[in-house]
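Letter by letter, the chains look like this.
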Amino acid sequence: MYEKGYQTVDTAISSVFTKMKGVSYTNISEVGRIWDVADYVFPEQGDSSFVVMTNYISTVGQKQDTCPELPDGKNKNKCTSDADCDEGKFKRTGNGHMTGKCVTNTSTCEIYSWCPVEDDRQIPDPPILQRAENYTLFIKNSITFRQFNVVRSNLVESVDQNYINSCLYHPKTDSLCPIFRLGDIVERSGFNFSDIARVGGAIGVLIDWDCNLDLSIRHCKPKYEFYGLYGTGKNDKVEKPSLGYNFRFAKYYVENNVEKRTLMKVFGVRIDIIVHGRAGKFDIIPTLTAIGSGVGIFGVATVVCDLLLLYLLPKRDFYKSMKFKHTEVQEEVPALPPSQKERELPKE
Amino acid sequence: MYEKGYQTVDTAISSVFTKMKGVSYTNISEVGRIWDVADYVFPEQGDSSFVVMTNYISTVGQKQDTCPELPDGKNKNKCTSDADCDEGKFKRTGNGHMTGKCVTNTSTCEIYSWCPVEDDRQIPDPPILQRAENYTLFIKNSITFRQFNVVRSNLVESVDQNYINSCLYHPKTDSLCPIFRLGDIVERSGFNFSDIARVGGAIGVLIDWDCNLDLSIRHCKPKYEFYGLYGTGKNDKVEKPSLGYNFRFAKYYVENNVEKRTLMKVFGVRIDIIVHGRAGKFDIIPTLTAIGSGVGIFGVATVVCDLLLLYLLPKRDFYKSMKFKHTEVQEEVPALPPSQKERELPKE
Amino acid sequence: MYEKGYQTVDTAISSVFTKMKGVSYTNISEVGRIWDVADYVFPEQGDSSFVVMTNYISTVGQKQDTCPELPDGKNKNKCTSDADCDEGKFKRTGNGHMTGKCVTNTSTCEIYSWCPVEDDRQIPDPPILQRAENYTLFIKNSITFRQFNVVRSNLVESVDQNYINSCLYHPKTDSLCPIFRLGDIVERSGFNFSDIARVGGAIGVLIDWDCNLDLSIRHCKPKYEFYGLYGTGKNDKVEKPSLGYNFRFAKYYVENNVEKRTLMKVFGVRIDIIVHGRAGKFDIIPTLTAIGSGVGIFGVATVVCDLLLLYLLPKRDFYKSMKFKHTEVQEEVPALPPSQKERELPKE
């Protein structure tokens, strides 16, 4: 009943460090290319929230220039004459600044922009970095319960350097191994890896610490859980809008004194590591408070019993008269001097 | 009085994804340039905390070299002879490593540094990317109440793909639209867009979920609020030090086998998206606890009433005698055998 | 006893902005180089969690090519013939895609990778950027207690622009100065700067706000605390695995139409700024609840007293008879008509 109400509770201060391992090899138009961790993780510094690139659309050699806007497929940005292209205006979803010309062969306005404009109408399928499935993620998590002066790491006693070198997380057999296969994380969160790799998606990895510090500190261990975020999960009955996860970034370079860039539209698995830490320890104050509330409940019991006795049971009149002393009876004889009233009372 | 004390409460686990849209055109010294999302958002991967560049000071073509330190305007780093420039020393706010020479035409020490040194004494006014006002921000937020096994997204039932394609957040008419105009966010947080765009500033966007899960899940909806952070807000009576928001970053490149960089001092709007999620659901334990505490209050009422009756009212002696049974009266006749005492008591 | 139970409590919404200052000069193989904030902070935009580079291994001019894998020292990836190198396979900790050849002079498999492969077997000692010790960190922290409509910044009343220009945090003499020397942060968290600078490490900076809003707002001030995270702290009795903190990032460039990159393995001090904000203010509801629970405790006292009186004291029979009215005595005379029963009762 008390739900450990006798304990005082502290919430953890936590810090997470992540590190991906693994390489991918791609072979696009006869050009082999290796992708390693410096190429596919954003941001690079091992944050608790990061994206692993699994698919991309790259636009090489963009420079500041004029070029026709990309047709959007729904003919919404189609133009038939220069009059459709207001010079100096922008369209909400446009890529640049209109020059006032309508380009006839694409039927779209000419814009000043990073040219050529990215063509993202077709997402590569299968995903270019499908092998990302085999990447591994190493999570280091440190939590501090200030109130109890306890510091714990997810590398608990049984997790030593030898074990880390060879283990792989499995909820049953290796539930404390801090190394996770990306494909496993995705599948356990309810996504299909090929789907998420193609259009991107977000996954929450929850590290749950629920520690009873009245026991040995060795029993204070993390539990890992995996959640698919923002829909596309199998168990989602309602189809949600805006599936996928993508963002753009650019690599800048200078060629023949002209600033150029390679624009990447990156689709990937975003992983948010969320730590939920809670520790309890026996303390006298919450114990008393819990007992206090509990006794309050017994007070309720008294009231309920009284109500039953006084208003529901057949002999209720009898109980009523037993419970309440008829002080008003005494008040019916106000003529008596106070001294007499007091003399009579002890008899009652 | 109970403030939904009959509910058990869970705090949300949340994940936020953001995406900016919009382009700016600048025209500095006859060179047009387009700035798109890959150019003006830091970091690029759609984090819950990010900066939108609205103004900058760029120093093109820096390389490792010696050059004179920048005069700071207050003549604090002025030198008159080489003796003022200790070779190999650094100044706390200096840009490099002193070579020991005093450069006569600037009256500052020569330093080994990324040269030429950035000159940030004048912040461009009006801000270079004033048009950032019209950028839009799309926020995707997923929250999970683990205890109740509920997952919600800010794209609630009424927000479908069609609506998203055309809506713009407005607190009255479109309070659930997840697309925000940057200028609106800034104005609603109490800043003036031109000011913040020039020197930078920070804004908190709070997504507040306060869900009563005893009702239908469809009523569990987000509420958006906007806060100006770190002062410069209109309502701030006290002028706070260190206004603005800026940071530096560098784009590296190699030219004629020499490593060079373009240093950017970026002024911008930093947006921190903060999620505050709380859900309540009926549960028997907190209900009983709340009732228990409530009954405790009635206990207090009893005590207060008694005190009033016994010590304050004119007829207090009467009530006193009614309340307390004079057990000491019985103790005055200890000579009686216990059996007799007990026989007498039922009469009382 | 009430532990400020008469107050209603709000948790802060907080935003943190950080800025490093300072430069380092390195002199490797006769090439001097200056490192400034754009070079050594990751990410660049002033996040609450960031890394300051203190040491690195750089691999200049990598390009997509074939080269032999790095021997790992433990002869685990040694090969004696081409049969040991499965074409098209990857090793878990390998850097690339095996071509099927065994290179005789290194006795390792040939791989297709970013070549040459990084050689990180030796970490530079002493750390290359040892001078990072003297960098300073400026922290701006804004907190909002929504329930009480209070906004505070760590630049409190006594911290003005003049003070900021000259102060340096010291727990005794300058406990409110928001400028911290990196070396001091490291030492106060229990690390040794040379150690952490060489292999990296993580430090938590806690900003603790515990405000009693019944008093003047001027007393609502931050307190800074420093924690070493993930072990290597001096006070750690147990040697933990996976010490250090490092990550890789790449600077890309194009040379003679070939994409190249400089890969950096960065060792550094990761700083996580954690804000813990709590404000209390008098409110009638929690006061009543606290009193209620407290009265519950007095209820317990009553029960305990009764138990003592009724079951333990020598005169317990007397008290028992005083406490309980023998209603069953009345029930022994059910023959009497109800009217008579009622007439008799007032006498009782």
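Residues numbered from 1 in each chain as written. Chains lettered and ligands numbered in written order. Predicted model: local features only at pLDDT ≥ 70, side-chain atom pairs only at ≥ 80, totals over all residues. Heavy atoms only, no water.

### Overview of the overall build of chain A
Rules: Strands here mean DSSP runs of E at least two residues long; helices mean DSSP runs of H or I at least four residues long; both are numbered from the N terminus. Three labels apply to residues, based on accessible area from a 1.4 Å probe with only protein chains included: buried if under 20% of the type maximum, exposed if over 50%, partly exposed otherwise in between. Between two residues, a contact is recorded if the distance between any of their heavy atoms is within 4.5 Å. Surface exposure here means Shrake-Rupley accessible area, sampled with a 1.4 Å probe, where a residue is shielded only by the protein chains that are shown.
For chain A, the helix and strand inventory stands at eight helices and 15 strands. Among the 348 residues that make up chain A, the fraction classed as buried is 49%. Within chain A, contacts between residues separated by at least 24 positions form 66% of all contacts whose residues are at least 6 apart in sequence. If you sum the accessible surface of chain A, you get close to 16,900 Å²; carbon and sulfur atoms cover 52% of it.

### Some remarks on unusual backbone geometry
Among all residues except glycine, the phi angle is most often negative; among peptide bonds, the trans geometry is most common. Cis geometry is found at the peptide bond from A:Phe42 to A:Pro43, where omega equals -10 degrees. Position of A:Pro43 among the secondary structure elements: in the loop between β5 (41–42) and β6 (49–68). With an omega of 0 degrees, the peptide bond running from B:Asp125 to B:Pro126 counts as cis. With respect to the helices, strands and loops of the structure, B:Pro126 is situated in the loop between β8 (108–115) and β9 (136–145). For B:Asn149, which is not a glycine, the phi torsion comes out positive at approximately 60 degrees. Here B:Asn149 lies in the loop between β9 and β10 (150–153). Residue C:Asn257 is not a glycine yet carries a positive backbone phi of 65 degrees. Counting through the fold element by element, C:Asn257 comes out in the loop between β14 (246–255) and β15 (258–282).

### What about the packing of aromatic side chains?
Basically, it comes down to this: We call Phe, Tyr and Trp rings a pair once their centres come within 6.5 Å, taking the six-membered ring for Trp, and we label the pair stacked below 30 degrees between planes, edge-to-face above 60, and tilted otherwise.
By the definition in use, this model includes 36 aromatic pairs over all chains. With centroids separated by 4.2 Å and ring planes inclined at 10 degrees, the aromatic side chains of B:Tyr40 and B:Tyr135 adopt a geometry described as stacked. In this pair, B:Tyr40 sits in helix α1 (residues 37–40) while B:Tyr135 sits in the loop between β8 and β9, placing the two residues 95 residues apart along the sequence. You can call B:Tyr40 buried: its relative accessible area is 0%. Here the aromatic rings of C:Tyr169 and C:Phe226 are separated by 5.7 Å at their centres, their planes lie at 65 degrees, and the arrangement is edge-to-face. Taken together, the residues span a long stretch of sequence, with C:Tyr169 in the loop between α2 (161–166) and β11 (179–181) and C:Phe226 in strand β13 (residues 222–229) at a distance of 57 residues. Assigned by exposure class, C:Tyr169 and C:Phe226 land together as buried.

### Here's the deal with the environment of C:Val269
Structurally, the position occupied by C:Val269 is in strand β15. Separated by 215 residues in sequence, C:Val269 and C:Thr54 place their C-alpha atoms 7.0 Å apart.

### Description of the pattern of salt bridges
To keep it simple, the criterion reads: Counted as salt bridges are all cases of a side-chain nitrogen of Lys or Arg within 4 Å of a carboxyl oxygen of Asp or Glu.
Under the defined criterion, the tally for this structure stands at 53 salt bridges over all chains. With its nearest N and O atoms 3.0 Å apart, the salt bridge here joins B:Arg121 to B:Asp119. Residue classification places B:Asp119 among the partly exposed positions, given a relative accessible area of 37%. Residues joined in a network through salt bridges with shared partners are A:Glu118, A:Asp120, A:Arg248 and A:Lys265.

### Overview of the pairing of strand β7 (residues 97–103) of chain C
Residue and element names in this part refer to chain C. What counts, and what does not: Here a strand pair is declared whenever DSSP counts at least two bridges between the two strands.
Counting buried positions over the seven residues of β7 gives five, a clear majority of the element. Direction of pairing for β7 relative to strand β8 (residues 108–115): antiparallel, over a ladder of four bridges. Paired with His97 across the strands is Tyr112, a residue of β8. Hairpin connection between β7 and β8: a loop of four residues separates the two successive antiparallel strands, and Ser107 in this loop has a positive phi of roughly 60 degrees.

### A look at the state of the cysteines
All names here are of chain A. As a reminder of what qualifies: The definition used for a disulfide is geometric: two cysteine sulfur atoms within 2.5 Å.
This model, assessed by the stated rule, comprises 15 disulfides over all chains. Linked covalently through their sulfurs, Cys211 and Cys220 form a disulfide whose S-S length is 1.9 Å. Given an S-S torsion of about 70 degrees, the disulfide between Cys211 and Cys220 has right-handed geometry. The buried category is assigned to Cys220, whose relative accessible area is 2%.

### What to know about the side chain of B:Arg270
Spelled out, the test is: Residues adjacent in sequence count toward polar contacts only when both atoms are side-chain atoms; beyond that, a polar contact is any pair of N or O atoms within 3.5 Å, and within protein one must be able to donate a hydrogen and the other to accept it.
Along the chain, B:Arg270 turns up in strand β15 (residues 258–282). In this structure the side chain of B:Arg270 is engaged in a polar contact, spanning 2.4 Å, whose partner is the backbone oxygen of C:Val16. For B:Arg270, the side chain forms a polar contact with the main-chain oxygen of C:Gly46, separated by 3.1 Å.

### Focus on the pairing of strand β10 (residues 150–153) of chain A
All names here are of chain A. In this sheet, β10 lies alongside strand β9 (residues 136–145) in antiparallel orientation, the contact comprising four bridges. For Ile143, the partnering residue across the bridge sits in β10 and is Arg152. A loop of four residues connects β9 with β10, the two strands running antiparallel in sequence, and Asn149 in this loop sits at a positive phi of about 60 degrees.

### Structural notes on the side chain of A:Asn141
Residue and element names in this part refer to chain A. Within the secondary structure layout, Asn141 lies in strand β9. Here the side chain of Asn141 touches Ser14 through a polar contact of 3.4 Å, side chain to side chain. In this structure the side chain of Asn141 is engaged in a polar contact, spanning 2.9 Å, whose partner is the side chain of Trp209.

### Observations regarding the environment of B:Asn149
Among the residues examined, B:Asn149 registers a relative accessible area of 71% and is labelled exposed. C-alpha separation for the pair B:Asn149 and B:Gly228, spaced 79 residues apart in sequence, amounts to 34 Å.

### Some words on the environment of A:Leu182
Residues and elements named next belong to chain A. Mapped onto the fold, Leu182 is located in helix α3 (residues 182–188). A residue is classified by how much of its surface remains accessible, and Leu182, at 0% relative accessible area, is buried. C-alpha separation for the pair Leu182 and Ala132, spaced 50 residues apart in sequence, amounts to 7.1 Å. What Leu182 contacts, discounting residues up to four positions off in sequence, is Val52, Ala132, Glu133, Tyr135, Phe193 and Ile271.

### Here's the deal with the confidence of the model for chain A
Close inspection of predicted coordinates is inappropriate in any region flagged by low pLDDT. Residue and element names in this part refer to chain A. Applicable threshold: The predictor attaches a confidence to each residue, and that confidence, scored 0 to 100, is pLDDT.
Across chain A, pLDDT averages 80, with 75% of residues at or above 70. Within chain A, the lowest mean pLDDT, 46, falls on helix α8 (residues 338–344), and the highest, 96, falls on strand β11 (residues 179–181). Note on residues 232–242: pLDDT under 50 across the span, and 17 contacts to partners over four residues away in sequence or across chains. Considering only residues more than four positions removed or in separate chains, one finds that residues 338–348, a stretch of pLDDT under 50, has 10 contacts.

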